[in-house]
Amino acid sequence: MQISMERYDREISWGSNSSGPVFVGDGNPFIAVIINDNLLSSGADRILITYTNGRSYSRGITGKKGYLIPNTEISEVDNITIFDDDGEELYKKRK
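Analysis parameters
Residues numbered from 1 in each chain as written. Predicted model: local features only at pLDDT ≥ 70, side-chain atom pairs only at ≥ 80, totals over all residues. Heavy atoms only, no water. Helix = DSSP H or I, 4+ residues; strand = E, 2+ residues; numbered from the N terminus. Core = buried A, V, L, I, M, F, W, Y, C linked by side-chain atoms within 4.5 Å. Buried < 20%, exposed > 50% of the residue type's maximum accessible area, 1.4 Å probe, protein only. Pairing = 2+ DSSP bridges. Axes fitted to C-alpha atoms, helices over the stretch in contact; angles between N-to-C directions.

Caption draft 1: Local environment of the environment of Ile-47. With respect to the helices and strands, Ile-47 occurs in strand β4 (residues 44-51). C-alpha of Ile-47 to C-alpha of Phe-83: the two residues are 36 residues apart in sequence and 6.6 Å apart in space.

Caption draft 2: Highlighting the nonpolar core. Ranked by internal contacts, the top residues of the largest apolar core, which has 17 residues, are Val-33, Ile-35, Ile-47, Ile-49, Ile-61, Ile-80 and Ile-82. Of all elements in the fold, only β3 (30-35), α1 (37-41), β4, β6 (66-70) and β7 (77-84) reach the threshold of two or more residues within this core. Broken down by element, the residue count for this core peaks at four residues, all from β4.

Caption draft 3: Geometry of the pairing of β4. Examined bridge by bridge, β4 and β7 share seven bridges and lie antiparallel to one another. Within β7, the position partnered with Thr-50 by the bridge is Asn-79. Relative to strand β5 (residues 56-60), β4 runs antiparallel, the two being bridged by five bridges. Residue pairing for β5: Ile-49 is matched across the bridge by Tyr-57. Taken together, β4 and the strand that follows it, β5, pair antiparallel across an intervening segment of four residues, in which Gly-54 is found at a positive phi of about 95°.

Caption draft 4: Up close: the sheet that holds strand β8 (residues 89-94). Taken in spatial order, the four strands of this open sheet run β5-β4-β7-β8, and their pairing is antiparallel. Sheet topology places β5 and β8 at the edges, where each strand pairs with a single neighbour. Recorded for the sheet is a direction-independent mean angle of 15° between the axes of neighbouring strands.

What follows is the structure, given as structure tokens:
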């Protein structure tokens, strides 16, 4: 019997009741990013994370509150920025 392993999407998402605009939990191999309803309703469209090693990761926001972002570099988050669909900065946090 052969077992087939499926490749899973690393952009898993879930809902949350976080009270701050954005919560970032450092981890390995993922970083948890939780965005509150007010920021989502302000038109949040894209997350940009810059790591302490200078690399960055960007992904679209699909209307969900929580995202797992790959952290294969095992670096901490230096800053996180949330943009709207016009590229305007809605939120920025430096850790």
